[in-house]
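# Inside the fold
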Amino acid sequence: MRRLWPGLFGLVVAVELTGVALDVPALQWAAKPLLAPLLLILLLGVRRRWDLVATGLVFATAGDVALLLPGTTAFLVGMGCFLGTQLSFLTAFLRRRRAPLAVFAGYLALWAAANALLWGRLGDLRLPVLGYSLALCLMAAAAAGVSRRAAVGGALFLVSDLLIGVGAAGAELPGRGLLVMITYVAALYLITTAWARRDEPERRATSTTRTLAGAEPAIDA
């Protein structure tokens, strides 16, 4: 499965991006619900145990399905599912290592500025977006404490959802939908692979130590 995984994931991503670019809902329904589960398979194949990042990917799957449906209710359900994703990731990252306070301060400043700019255009979505975006920014900041790869993933997740927020506020940008998906897929991929690899240096060091210990020649007393 691990040999087949890159090609399968690449194919699903290509189908999803094609569906978004050409506005073909059937392609999006065929591909989008598979993105997070494929990453979950990769994560479990490496980590071999369930954790909060795995839980976050389950929430992301539910959110992806909800956001394929039209209407405000589906949008709010999707936002609630992704709130579960952000809180799961945030808790996992904080348990790993704390990012510098300056990183949190920077993301919180960005959160305040973005909400101030969009506040007048969000209508009834103001409070849900306010709460969700706070969790998102905290997750992105906490990701910086895991690794550079995770930090980039967290930042891209923020960019993706910021583009969704711009759309919810009624401002349309050329190619916005495609940009949302590109940054979202990249974010999930980087976060998942960063988390899957987070213990590699320790595992390699342990393996090397055991190998050297096993290779030590016997010394006669």
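As a reminder, the structure under discussion sits directly above these lines.
Presented here is an overview of the structure given in this document. What you see is a predicted model; the values in this text were computed from it and never measured. (Residues numbered from 1 in each chain as written. Predicted model: local features only at pLDDT ≥ 70, side-chain atom pairs only at ≥ 80, totals over all residues. Heavy atoms only, no water.)

### A few points about the pattern of salt bridges
According to the stated counting rule, one finds one salt bridge in the structure shown. Between Arg176 and Glu172 there is a salt bridge, and its shortest N-O distance comes to 3.0 Å. Accessibility expressed as a relative area gives 17% for Arg176, which makes it buried. (Salt bridge = Lys/Arg side-chain N within 4 Å of Asp/Glu carboxyl O. Buried < 20%, exposed > 50% of the residue type's maximum accessible area, 1.4 Å probe, protein only.)

### A short note on the nonpolar core
Ranked by internal contacts, the top residues of the largest apolar core, which has 52 residues, are Phe89, Phe93, Phe157 and Leu188. Put simply, the parts of the chain that give this core at least two residues each are α1 (5-22), α2 (25-47), α3 (52-67), α4 (72-96), α5 (101-122), α6 (126-143), α7 (148-168) and α8 (176-196). Ignoring any residue separated from it by four or fewer positions in sequence, one finds Phe89 in contact with Val53, Gly56, Leu57, Met139, Phe157, Leu188 and Ile191. (Core = buried A, V, L, I, M, F, W, Y, C linked by side-chain atoms within 4.5 Å. Helix = DSSP H or I, 4+ residues; strand = E, 2+ residues; numbered from the N terminus. Contact = heavy atoms within 4.5 Å.)

### Some thoughts on the packing of α4 against α6
Between two packed helices, what matters for the description is the angle formed by their axes and the separation of those axes. Running from N to C, α4 and α6 cross one another at 30°; their axes reach a closest spacing of 9 Å. With respect to α6, the element α4 is oriented roughly parallel. As α4 runs across α6, the sense of the crossing is left-handed. Residue-level contacts link Leu76, Met79, Phe82, Leu83, Gln86, Leu87, Phe89, Leu90, Phe93 and Leu94 of α4 to Pro128, Val129, Tyr132, Ala135, Leu136, Leu138, Met139, Ala142 and Ala143 of α6. (Axes fitted to C-alpha atoms, helices over the stretch in contact; angles between N-to-C directions. Parallel < 35°, antiparallel > 145°, perpendicular 65-115°, else oblique. Left-handed = near helix turned anticlockwise from the far one by under 90°.)

### Digging into the packing of aromatic side chains
The full count for this structure, using the stated rule, is eight aromatic pairs. Between Trp5 and Tyr189, the aromatic rings sit 6.4 Å apart at their centres with planes inclined by 20°, giving stacked as the arrangement. Of the two residues, Trp5 sits in helix α1 while Tyr189 sits in helix α8, which places them 184 residues apart along the sequence. Among the residues examined, Trp5 registers a relative accessible area of 7% and is labelled buried. Ring plane angle 50° and centroid distance 5.6 Å describe the contact between Phe93 and Trp195, whose orientation is recorded as tilted. In this pair, Phe93 sits in helix α4 while Trp195 sits in helix α8, placing the two residues 102 residues apart along the sequence. As far as the burial class goes, Phe93 and Trp195 line up, both buried. The structure contains a cluster of three or more aromatic residues connected by ring pairs, namely Trp5, Phe9 and Tyr189. (Phe/Tyr/Trp six-rings, centres within 6.5 Å; stacked < 30°, edge-to-face > 60°.)

### Re the side chain of Ser88
When you line up the elements, Ser88 lands in helix α4. A distance of 2.8 Å separates a polar side-chain atom of Ser88 from the backbone oxygen of Gly84. Among residues more than four places away in sequence, those in contact with Ser88 are Leu52, Thr55, Gly56 and Phe59. (Polar contact = N/O pair within 3.5 Å; in protein donor to acceptor, adjacent residues only side chain to side chain.)

### Some points on the layout of surface pockets
The space that makes up the largest pocket amounts to roughly 990 Å³. Elements with a contribution of two residues or more to the lining of the largest pocket: α1, α2, α3, α4, α5, α6, α7 and α8. A total of eight residues in the lining of the largest pocket trace back to one element, the largest contributor, which is α7. Within the lining of the largest pocket, the residues separate by chemical class into 26 nonpolar, ten polar and six charged. (1 Å grid on protein atoms, 1.4 Å probe; cavity = no way out; pocket = protein on both sides within 12 Å on 5 of 7 lines; lining within 4 Å. Points joined across faces, edges and corners; volume = space filled by probe spheres on them. Nonpolar A, V, L, I, M, F, W, Y, C, P; charged D, E, K, R; others polar.)

Just geometry here; none of it tells us what the structure is for.
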